[in-house]
Structures are given as structure tokens and as C-alpha cells.
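Spelled out, the chains give:
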Amino acid sequence: MIKAGIIGATGYAGGELVRLLTGHKETRIVWYGSRSYIDRKYADVYQNMFQIVDAECLDDNMGELAEKADVIFTATPQGFCASMMNEEILGKTKVIDLSADYRIKDVAVYEKWYGIEHKSPQFIKEAVYGLCEVNREDIRKARLVANPGCYTTCSILTAFPLAKEGIIDMKTLIIDAKSGTSGAGRGAKAANLYCEVNENIKAYGVTTHRHTPEIEEQLGYAAKEEVALNFTPHLVPMNRGILVTEYASLKKEVTYEEVKAIYEKYYGNEQFVRLLAEDVCPETKWVEGSNYVDINVKTDPRTNRIIMMGAIDNLVKGAAGQAVQNMNLMFGLPENEGLNLVPMFP
């Protein structure tokens, strides 16, 4: 039985980790960490866990937790995990960090986009970028995994096969993304109040969103070239879900069948990537509450462009589900353990 500890267990991603790990046959949660609710019953914070979780919230002492847990999930703001990380912790336990602290390999880029000093850059090189469908074998051997962001997971997986095969001109790639409000976290912010969000849609972080360099770096590895792209996120009035629509110029003329074959090459055996039938566009409702990413493409011979579309649940495949998928790989378990979740509908 894997003993798991969660720091940040009362945020939305942390709460989703609790939900998934509670149903995981090989895992027991030994630490519900939450600086804001120390000594309060976890089920008082999340009433959906009433009579399911009978534990109290603890603090965020990673050193103490490392003595008790086989794996630590840090669902915390940027900077926390990096400030706590040391060789003693990694010598005792594995760490899956849901923040951006170890996702970007260039520490200067991280510090520029996140506006904070990185407190443990010595671990950046070792950290494995936890996109399971791309880095599966490296994840199996890792002791520190950087769990990808929600926008990045959807954006990268949607374009990865065509970037890898050199089918698209990476200089022309534009990503339009839309997210439900849970992506902003559980903290109280005026911009996320019901009256601000309901019956409204808005772009934000235009040219400045912090997931941009993460997407550029990972797609750059795939394309074997430096990538600079436009990424524009939007906030939409729904709880969960991310939809990305990506546009790029084609380097050569291709048919839909040829493009579909490329996606089948990379994802045909992937349980959690669903390649939709021709002309079926992904919808967030079709993946809600699940670890799936739905993908499809449409070629446009008139403009010599291709439109790539992807949808995920930002709290599952975009955060907690992917973290559990990473844990399964790290501990030699079936990759789908605890993740065979049928999407909720409606």
C-alpha cells in the first residue's frame, strides 16, 4: 500500500487528488496538508467527503511528511515546493509537484515569467516533465516529477504529433484556449465572483500568460527547434474544462487521412487520449470528471492551414488525474489504476 501525503489538500487540485486517491486500490492518504485549515476536519472543508474522510488537516511540513509518506503531492502555489525541496526529502520519498517550480528547465525563464527567485535550481535538471504520453519511461525512474499545467497539457498533446513529425510551421502556431473558473483556484478574487464571471467571457494574460514558456519549451523539444507562439487564454462561465483550438500553416499538402494516421501513430494505444471521428469537434462536457483528452483536427486546403482541437477536464487530466497517472508509473502500478473514470454527463 502506497502512503501518500498531500500538501495543499484543500485547494481545488488538492481536493481532486483526495477524491481520486480515496478510490485508488493501492494508496492510502496519510497527510491532508492545509495551512489555512490546520486541525479542522477535512470533511468540514469539503462536505462531499462527509463520512468518507475522517481526518484532520495538518500543516505543510514536508520534512516531517517525508518520514511518513512514500510519495508527496504538492498542490501549492509557485515557489513553495522549490523553497522546501532538499536532498534529504528526496532521499526518503518521491515528490510530484503540481506547481510550475520544476517544469521549465531554464531557471532564468522561470524567474522572468513567474517573478520569483527559484530556491532550489539544483533539482531542475533532474525533475522529469510529467506528461505521461510523452515521457513515460523517464517518469518510471523519477523521484521528482513536475506535473504539467492544465492549459499546457491540453495544448501540448493536441499539437505534439504534428510538431514531432514536422508537418506544421511552428512559427505560425497560434493557440486559443478557454478554461472554466476552477482553473483560477479556490482563493477569493473579485474577478472570479459569480456576478463577474456569469454570462461573460473574457481573454486574460494576453501575450503574458505564464504557461506560454512551458508550451514553447515542450513543443520545441518535439519539433527540434526553438518555438515562439501566441497563446491566449479565456475565462468562461463553467466549473471545469479546457478547450484549445490551435492554428498553424502546413509545410506540405496533407489529407485528413494522412494526419489521422500520424495521430494514431502516437496515440493509437493510449487509453486516455481519444481521437474523435472525422468532423467531430471536442467538447468539454464529454471529458468532465475524467482523465481523458479528446482530440481532433481539420485541414483547410483553402488557407493551407490545419486546425487542431483538444478538450480536457482541467482538474483531472490537467492536474490531479495526471498526478495520479504519474504516481502509478513511478511505483510500477497499472497506469490506469484509480483513473477509469467515466465522464459525467450532463
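Reference entry: report on the structure contained in this document. Since this is a predicted model, take the numbers as computed values, not measurements.

1. With respect to the sheet that holds strand S6 (residues 144-146)
Stage number 1. Spatially, S2-S1-S3-S4-S6-S5 is the arrangement adopted by the 6 strands of the open sheet, whose pairing is parallel. With partners counted over all chains shown, the strands left at the sheet margins are strand S2 (27-33) and strand S5 (128-129), one partner each.
Stage number 2. In the sheet, strand S3 (residues 71-74) pairs with strand S4 (residues 94-97) via 4 bridges, with the strands oriented parallel. The partner of Phe73 across the bridge, within S4, is Ile96.

2. A closer look at helix H12 (residues 316-330)
Stage number 1. Between its terminal C-alpha atoms H12 stretches only 18 Å, short of the 21 Å expected from 15 residues at 1.5 Å a residue.
Stage number 2. Maximal helix bending in H12 amounts to about 45°, located at Gln322.
Stage number 3. For H12, a buried count of 15 out of 15 residues is recorded, marking the element as mostly surrounded by other parts of the structure.

3. Let's talk about the environment of Glu111
Stage number 1. In this fold, Glu111 is placed in helix H6 (residues 107-114).
Stage number 2. The class for Glu111 is partly exposed, based on a relative accessible area of 29%.
Stage number 3. Residues Glu111 and Asp101, spaced 10 residues apart in sequence, show a C-alpha to C-alpha distance of 9.7 Å.
Stage number 4. Dropping the residues within four chain positions of it, Glu111 is found in contact with Ile116, Glu117 and His118.

Definitions and cut-offs
- Residues numbered from 1 in each chain as written.
- Predicted model: local features only at pLDDT ≥ 70, side-chain atom pairs only at ≥ 80, totals over all residues.
- Heavy atoms only, no water.
- Pairing = 2+ DSSP bridges.
- Helix = DSSP H or I, 4+ residues; strand = E, 2+ residues; numbered from the N terminus.
- Expected span 1.5 Å × (residues − 1).
- Bend = angle between axes of the 7 residues up to and from the residue.
- Buried < 20%, exposed > 50% of the residue type's maximum accessible area, 1.4 Å probe, protein only.
- Contact = heavy atoms within 4.5 Å.

Such coordinate-based values are descriptive only and should not be taken to indicate function.
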